[in-house]
Amino acid sequence: EAIFASEINESVIHLVVRSQLAAKRQGTQSAKTRGEVRGGGRKIYRQKGTGNARHHGRRAPQFTHGGVVFAPKPRGYRISVPRKVRRLAMKSALSSKVAEQQIIVVDRIALSEAEAKTKNVVKMLKALGADKKALIVTKDAEPMVVRAANNIQDVKTTFVGSLNVVDILNCDKFIISQDAVKLVEEVYAE
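Throughout what follows, the structure given in this document is the object of discussion.

Rules behind the numbers
- Residues numbered from 1 in each chain as written.
- Predicted model: local features only at pLDDT ≥ 70, side-chain atom pairs only at ≥ 80, totals over all residues.
- Heavy atoms only, no water.
- Helix = DSSP H or I, 4+ residues; strand = E, 2+ residues; numbered from the N terminus.
- Buried < 20%, exposed > 50% of the residue type's maximum accessible area, 1.4 Å probe, protein only.
- Contact = heavy atoms within 4.5 Å.
- Areas by Shrake-Rupley, 256 points an atom, 1.4 Å probe, with all protein chains shown as cover.
- Axes fitted to C-alpha atoms, helices over the stretch in contact; angles between N-to-C directions.
- Left-handed = near helix turned anticlockwise from the far one by under 90°.
- Nonpolar A, V, L, I, M, F, W, Y, C, P; charged D, E, K, R; others polar.
- Polar contact = N/O pair within 3.5 Å; in protein donor to acceptor, adjacent residues only side chain to side chain.
- Phe/Tyr/Trp six-rings, centres within 6.5 Å; stacked < 30°, edge-to-face > 60°.
- Lys NZ or Arg CZ within 6 Å of the ring centre and 35° of its normal.
- Pairing = 2+ DSSP bridges.
- Parallel < 35°, antiparallel > 145°, perpendicular 65-115°, else oblique.

1. Description of the overall build of the chain
Part 1 of the argument: A count of helical and extended segments in the chain gives six helices and four strands.
Part 2 of the argument: The order of helices and strands in the chain, counted from the N terminus, is α-α-β-α-β-α-β-α-β-α.
Part 3 of the argument: Projected onto its principal axes, the C-alpha coordinates of the chain cover approximately 85 × 40 × 25 Å.
Part 4 of the argument: Of all 190 residues assigned to the chain, the portion counted as buried reaches 34%.
Part 5 of the argument: Of the contacts formed within the chain by residues at least 6 apart in sequence, a portion of 73% connects residues at least 24 apart.
Part 6 of the argument: In the structure as shown, the chain presents an accessible area of about 12600 Å², 49% of it carried by carbon and sulfur atoms.

Okay, here's the thing in structure tokens:
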């Protein structure tokens, strides 16, 4: 109950989703300011007497080949979120899936090398009624399940160690194996 039936805290979920999406950003966007553009330096014409506006360098932002006024510079978009808040958001996300009856617990999710075919996963999803966006969660990384589900549109696979709030909220059906549920309960037990 502490994990799958806890109170849903939307503000905490929002904060964690924002931090996750912000962390995905590269932050490498860059442009040159007037001080970094090549050229300029000489006053283009005398201060008075020409009838034109006063200017110094040819590389001011209003000129062609000039610098960018408030040029973007490389920066980090990371938002730090405390560990307890991240855990609370995960519990809230799992509880929201249970509340919306979008969670499906199955005995086990495993495929042998011969069974690791996309059609087998499609058949399983159809039987479970998960034909839209689905997230398949296993206890450990299952390369055969990943391989079989990789080519299906809107189906993601993950394991308990890399489960995150954004993936949970993005799916319409949350399919998880029983041993994975036990591991989630161990990890998020207080």
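Continuing now.
2. Some thoughts on the packing of helix α2 (residues 83-99) against helix α6 (residues 178-188)
Pairs of packed helices are described in terms of their axes, by the angle between the two and the distance that separates them.
Part 1 of the argument: In contact at an axis separation of 11 Å, α2 and α6 are set at 145° when each is read in the N-to-C sense. The handedness of the crossing between α2 and α6 is left-handed. Note on element contacts: α6 touches α2 through V184, V187 and Y188, opposite R87, M90, K91 and L94.
Part 2 of the argument: Split into classes, the residues belonging to the contact of α2 with α6 amount to five nonpolar, no polar and two charged.

3. Digging into the side chain of D167
Part 1 of the argument: As for its placement among the helices and strands, D167 is situated in helix α5 (residues 165-170).
Part 2 of the argument: A polar atom in the side chain of D167 sits 2.9 Å from the side chain of K156.

4. Quick notes on the packing of aromatic side chains
Part 1 of the argument: Summed over all chains, the structure comprises zero aromatic pairs.
Part 2 of the argument: Over the aromatic face of Y77 sits the side chain of R25, whose NZ or CZ is 3.6 Å from the ring centroid.
Part 3 of the argument: Taking the ring centre of F63 as reference, the NZ or CZ of R58 above it sits at 4.9 Å.

5. Re the sheet that holds strand β4 (residues 173-177)
Part 1 of the argument: Pairing within the open sheet is parallel, and its four strands lie in the order β1-β4-β2-β3. Taken across any chain shown, the strands that pair with only one partner, and hence form the sheet edges, are β1 (103-106) and β3 (155-159). On average, adjacent strands in this sheet sit at an angle of 20° to one another, irrespective of strand direction.
Part 2 of the argument: Looking at chain direction, strand β2 (residues 134-138) and β4 are connected through four bridges and run parallel. Along β4, the bridge assignment pairs A134 with K173.
Part 3 of the argument: The strands touched by helix α3 (residues 118-128) within the sheet are β1, β2, β3 and β4, with β2 carrying the most contacts at an inclination of about 110°.

6. Thoughts on the pairing of β2
Part 1 of the argument: For β2, the tally of buried residues reaches five of five residues, placing the bulk of the element in the interior.
Part 2 of the argument: The alternating pattern of β2 places A134, I136 and T138 on one face and L135 and V137 on the opposite face, and all of these are buried.
Part 3 of the argument: Pairing geometry for β2 and β3, over five bridges, is parallel. Looking at the pairing, V137 lines up with T158 of β3.

7. Here we look at the packing of helix α1 (residues 10-24) against α2
Part 1 of the argument: Between α1 and α2, the shortest axis-to-axis distance is 8 Å and the interhelical angle comes to 110°. Relative to α2, the element α1 is oriented roughly perpendicular. Relative to α2, the crossing made by α1 is left-handed. Each of V12, I13, L15 and V16 in α1 lies in contact with α2, whose residues at this interface are V85, R86, L88, A89, S92 and A93.

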